[in-house]
Amino acid sequence: MADFDLTGKNALVTGGSSGIGAGIAAKLAAAGARVVLVGRNEAGLKAVRDSIEESGGAAGTLPWDIGDGTSAAELVAAALRQVGQLDILVHAAGNQVRRPALEFSADDWDAVTGLHLRAAFLLSQAVGRHLVETGRPGSIVFVGSMTSQRAGIPDVVAYAAAKSGLLGLMRSLAVEWAQHEIRVNTVLIGFVATKLTQDVDSTPARKALTSRAPLGRLGTPGEIGDGVVFLASDAASFITGESLTIDGGWSIA
């Protein structure tokens, strides 16, 4: 029987104040993990923490702007002061700049790739060092995107490039750190019902998002969380360097 139980594990989740990150954190906590929520919105972090605790889970908060990852080592050190050890890292924090590639500035590029890719590496490096030094196995899960596969979407050039780079980062770390029993995987997500998609609810734009997907709807943050729980758990103990697509079939339609 596959074991999805995360009891006794501690998970650091960036982007945990809302949306997909919050959904992932709730699922990890429901599986037994103690979750450290990271994000810029302190009120949002507290709301997610309270919701997790009301459901019987355990969570703490770390208000932090991870930005381009420059402070990743300090963030991980602060998390360790809270929980003593880390077993799981989920990098779900994200941002977006939408404009034609010909109008994209260098600052736009750096802001998007810094958070999605540079921060992913520096956070992984800091957590990886902790795991290697303590001799503990661990699991790192990146939140990727179908834009890194065959789905070319205009006006999101930096996001698509960063998410594509994330797959290369995942594969390299998975191979290099397998000797330390650190697994590195990615969930490739499609369109998910969050505040970012609420504005197009019941409009032609919403229909455009859902009509291509065979399942005919947006995903939920909790459904992304279920995939992350699987990859973080012993049920996926022989899986590393893999991309789990969770997009309602959008990328194959």
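Above this text sits the structure in question.
What counts and what doesn't
Residues numbered from 1 in each chain as written. Predicted model: local features only at pLDDT ≥ 70, side-chain atom pairs only at ≥ 80, totals over all residues. Heavy atoms only, no water. Pairing = 2+ DSSP bridges. Helix = DSSP H or I, 4+ residues; strand = E, 2+ residues; numbered from the N terminus. Axes fitted to C-alpha atoms, helices over the stretch in contact; angles between N-to-C directions. 1 Å grid on protein atoms, 1.4 Å probe; cavity = no way out; pocket = protein on both sides within 12 Å on 5 of 7 lines; lining within 4 Å. Points joined across faces, edges and corners; volume = space filled by probe spheres on them. Nonpolar A, V, L, I, M, F, W, Y, C, P; charged D, E, K, R; others polar. Buried < 20%, exposed > 50% of the residue type's maximum accessible area, 1.4 Å probe, protein only. Polar contact = N/O pair within 3.5 Å; in protein donor to acceptor, adjacent residues only side chain to side chain. Contact = heavy atoms within 4.5 Å. Core = buried A, V, L, I, M, F, W, Y, C linked by side-chain atoms within 4.5 Å. Salt bridge = Lys/Arg side-chain N within 4 Å of Asp/Glu carboxyl O.

Q: I'd love a proper account of the sheet that holds strand β5 (residues 138–145), names of residues and values included.
A: Judged by pairing direction, the sheet is parallel, and its seven strands sit side by side in the order β3-β2-β1-β4-β5-β6-β7 without closing on themselves. Every other strand in the sheet has two partners, leaving β3 (58–63) and β7 (243–246) as the edge strands with one partner each. Mean inter-strand twist for the sheet, computed between neighbouring axes without regard to direction, equals 20°. Summarising the sheet, strand β6 (residues 182–189) and β7 pair through four bridges and their orientation is parallel. When the bridges of β7 are listed, Ile-189 appears paired with Ile-246.

Q: Give me the layout of surface pockets: which residues, what numbers.
A: In this structure, the second largest pocket encloses a volume near 300 Å³. Looking at the second largest pocket, it is lined by 18 residues, and the ones nearest its centre are Pro-137, Gly-138, Glu-181, Arg-183 and Asp-234. Those elements that provide at least two residues to the lining of the second largest pocket are β5 and β6. Considered class by class, the residues forming the lining of the second largest pocket number seven nonpolar, five polar and six charged.

Q: Break down the side chain of His-91 for me, with residues and values.
A: Tracing the chain through its elements places His-91 in strand β4 (residues 88–91). Judged by relative accessible area, His-91 falls into the buried class, the value being 3%. Here Leu-115 takes part through its backbone oxygen, which lies 2.8 Å from a polar atom of the side chain of His-91. Leaving out residues up to four positions away in the same chain, His-91 has contacts with Thr-14, Leu-115, His-116, Ala-119, Ala-120, Leu-123, Val-141, Phe-142 and Val-143.

Q: Before we move on, could you go through the nonpolar core and cite the residues and values that matter?
A: Core analysis: the biggest nonpolar cluster contains 34 residues, and Leu-12, Ile-66, Phe-142 and Val-184 have the highest contact counts within it. Taken together, the elements giving at least two residues each to this core come down to β2 (34–39), α3 (72–83), α4 (106–134), β5, α5 (157–177) and β6. For this core, the leading source of residues is α4, giving eight residues. Not counting the four nearest positions on each side in its chain, Leu-12 is found in contact with Val-36, Val-38, Val-76, Ala-79, Leu-86, Ile-88, Leu-89 and Val-90. Formed by 30 residues, the second largest nonpolar core is a distinct cluster that contains Ile-52, Val-192, Ile-224 and Leu-231.

Q: Describe in detail unusual backbone geometry, supporting the description with residues and values.
A: The phi angle at Asp-155 is positive, at roughly 70°, despite the residue not being glycine. By the secondary structure assignment, Asp-155 is in the loop between β5 and α5. Asp-155 gets classed as partly exposed once you look at its relative accessible area, which sits at 36%. The backbone of Glu-181 shows a phi angle near 60°, a positive value even though the residue is not glycine. Note on placement: Glu-181 falls in the loop between α5 and β6. Take Glu-181: its relative accessible area is 56%, and that puts it in the exposed class.

Q: How would you sum up the pattern of salt bridges? Please name residues and give values.
A: A side chain with one charge may pair with a side chain of the opposite charge, provided their charged atoms come close. The full count for this structure, using the stated rule, is seven salt bridges. Between Arg-118 and Asp-68 there is a salt bridge; the shortest N-O distance is 3.5 Å. Of this pair, Arg-118 sits in helix α4 while Asp-68 sits in the loop between β3 and α3, and the two are 50 residues apart along the sequence. Among the ionic pairs, Arg-136 bridges to Asp-87, the shortest N-O distance being 2.7 Å. Note that Arg-136 is positioned in the loop between α4 and β5 and Asp-87 in the loop between α3 and β4, a separation of 49 residues in sequence. Using a relative accessible area of 25% as the deciding quantity, one classes Arg-136 as partly exposed.

None of this, on its own, says anything about what the molecule does.
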